[in-house]
Amino acid sequence: MVFVDEYPKTSKLIRSEFIVSFVALGIGALFGIIQALHRTGLFRGVVSSADYYTILTGHGVLLVLVFTTFFIAGLFTWGVASSLERELPQRLSWAAFWLMLTGTVLAAVSILGGVFGSPNVLGHDLSADVLFTFYAPMKAHPAFYVGAALLIVGSWIAGGAYFKSLWAWRADNPDERIPLKTFMVVTTMLMWYVSTIGVAVAVLVFLLPWSLGLIETVDPLLTRTLFWYFGHPVVYFWLMPAYLVWYTILPKLSGGRLFSDPLARAVFVLFLLLSTPVGFHHQYTDPGIPEGFKFIAMTNTMFLLLPSLLTAFTVVASMEHGARQRGAKGYLRWLRNLPWGKPAFAGCALAGLMFAAGGFSGMINAGMNINYLIHNTLWVPGHFHLTVGTAFALTAMAISYWLVPQLTGKPLRQKAMATVQPYVWFAGMALMSNAMHRAGLAGIPRRTAEPTYDEFAFQGVAGTVGEMRLQIAIGGTLLFVGAAMFLIVMADTWIAQRGGTLSVNGHLPDPLSGPEHSPRILDNYKLWTAIALVLIVIAYGPPLASMVGDAQGLFGPGSPPIPV
Amino acid sequence: MQVHNFEKLWFGASLLLIVGFIATIAYGSAGIGITMIDDSGGTINAQAVQSGETGTQFDDPGVVKENESHYTVYIVAQQFQFVPGSGDDPVRVPADATVTFQVTSADVMHGFSIVETNINTMVIPGQVSEVTARFDEPGTYGIVCHEYCGAGHHTMGGSVEVVPQSEFNDTEVSQ
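What this report covers is the structure whose coordinates are included nearby. (Residues numbered from 1 in each chain as written. Chains lettered and ligands numbered in written order. Predicted model: local features only at pLDDT ≥ 70, side-chain atom pairs only at ≥ 80, totals over all residues.)

The helix and strand tally for chain A stands at 18 helices and 4 strands. For chain A, whose C-alpha radius of gyration is 23 Å, the value lies close to the compact-globule estimate of 24 Å for 564 residues. Each of the three principal axes of chain A carries a C-alpha extent, and together these read 60 × 50 × 45 Å. For chain A, the proportion of its 564 residues judged to be buried stands at 61%. (Helix = DSSP H or I, 4+ residues; strand = E, 2+ residues; numbered from the N terminus. Rg over C-alpha atoms; globule rule 2.2 N^0.38 Å. Buried ≥ 20, exposed ≤ 12 C-beta atoms within 10 Å, placed from the backbone.)

This is the structure in structure tokens:
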């Protein structure tokens, strides 16, 4: 039976979450091409260089906070409902949806106010050109902070619906192992609860009251540190859903089955333990933080490579198993027996391949001292467009080709366009990202409208600056085309009448090595959450104590708000 | 828990890679002496930096000669310039001398990197970034503000002129 007929209420919820996600993707992609053409100097006719930062803020917030969070909410809802075989609690889930949507609208309106002359609304200029990191003492309209808070609180409540379903399922099935998909969802949400505390405190205790004038100053280093307490785990909040897809659905799409259920569980537990006590690796070049704390975060970060390296093994092994089930031979020739013409498979596999490249550039980022070379250069967006911009985004698009027909009961339309789309994205990202990495090595900064200066000129590294600009512009254009193709396929499928039979189904084969082989302790959430908290206290306790315990206290060395 | 032999091998190789990375970084720090930016610069009142009333050298930023082979450069980063550094006010230091940069912000967060070197630090209001370096080769080096600091962020650059010791004139710096 098709998911939509089996769980009609939950399907409607997921569809609503996906629609918000896809709208955010469309606007974010439009902002993306405007930036790509603007900063490379190919076309600067859309916005002024001062307004570039409004577009950049919108691109960041809409793509990494809205597109991701809503898509993940939908994917997780599907994962829990399908593996626990029940509708999700409706009131809780819809309350979460409306809270998240309200937050999104508030944040989006305050950002877009910037391109409409920042009118005065409720006593503050309606503008939020603060980028998605909103570092104090730059001040956004208070509605921006309220919006960010609602989006996060909404995601907490959405998580509550998953837990409620799990408890209900547990009451019916006291001795069974938690199904893998639900296990992954719940582990990710535990990580999310632990890590979003940082940004919630930054926004609710400091930035919101400060933007309203209730407190005079905040300590920019403290709020920045609280942001990055959340800012790295959020990366795993994007990645773990992609891993869920790669572990549970991709093996089936390859024609085989998952290699190992126990290893999949172990990987997710490692993410819960290690995702948060690493945030200082975004602050390697920050003053005011002793070197020892940076070294602890660096060590944790390096061990965080382990679950991703293990994932690379399991995913490739599962795909190879699938290819061999289809009759493949040879050490590498099996690659040819994979269904590269099926967009759901091709998108996930290409996303995984690009993630491997992103993983290696991430190892450079994580290297405490080599980080000096690339910190805040174009290398960094080059890196995260491979991770969140491809490992997550391309996986999300690819799995939508498989999932949306099951959520609507309508066969996928525009199949030719869907088949080409992952390759367009891959080609665009290959051009843009390699050039961004090399531009970063040349010292060209990120987050700037015009990377040329009066005082000096950049020298290219492994290529010329002009060639890199051209690749970034062409790559960015292809990525916009790729996003547009995806949205056309989705829109056409969505508005079609129901009819015809689906070529996809939600049945997932059992793993080669099933849950009966994985130790029960892996499902002990209390234990893993407790260890995660201990690691966080070790990594963050002393630095935070020294920041708030100094003579200047909680709000100092203080800065008053500076509107931008 | 059943673990396949290939998995064990991969697990071992992954751990080796991780430990190897940590070892090279520890060596870079302890052996070669590539230290991290830390809290050695201390804290400062950003509003006093803005009004020039810190009672420190930041009230009159520029190059200060500590001794024959050590110079300290005090730089204030503010929307949208480095003082000194930006426009026709480059930072001038001699080659083959120890140069300590002390950088702080008068307003919002900025970045301070010297292009094609490993001098790269955040500039955070309330904190002083301290970086010590040595320029082996004379020439002009670019300074970039690499953290978004407002609508004119893309104009915020600067330069460091490293001149041969024989040509460096001590009279242009504070003693």
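Further notes follow.
Our next topic: the overall build of chain B. A count of helical and extended segments in chain B gives 2 helices and 10 strands. Its helices and strands in sequence order give chain B the pattern α-α-β-β-β-β-β-β-β-β-β-β, from N to C terminus. A compact globule built from 175 residues should have a C-alpha radius of gyration of about 16 Å, whereas chain B, at 20 Å, is more than 25% larger. Along the first, second and third principal axes, the C-alpha set of chain B runs to 70 × 40 × 30 Å. In chain B, which comprises 175 residues, the share counted as buried stands at 45%. Intrachain contacts of chain B at a sequence separation of at least 6 include 63% that bridge at least 24 residues. (Contact = placed C-beta atoms within 7 Å.)

What follows deals with unusual backbone geometry. Trans is the prevailing form of peptide bonds, just as negative phi is the prevailing case for residues other than glycine. In this structure, Pro137 of chain A follows Ala136 of chain A across a cis peptide bond, with omega equal to 5°. If you trace the backbone, Pro137 of chain A turns up in the loop between strand E2 (124–125) and strand E3 (138–139). Here the bond from Gly556 of chain A into Pro557 of chain A is cis, since omega is 0°, no more than 30 degrees from zero. A positive phi angle, near 55°, is found at Leu122 of chain A, a position not held by glycine. Mapping Leu122 of chain A onto the fold places it in the loop between strand E1 (120–121) and E2. Residues other than glycine seldom take positive phi values, yet Glu116 of chain B does so here, at roughly 65°. As for its placement among the helices and strands, Glu116 of chain B is situated in the loop between strand E6 (110–114) and strand E7 (120–123).

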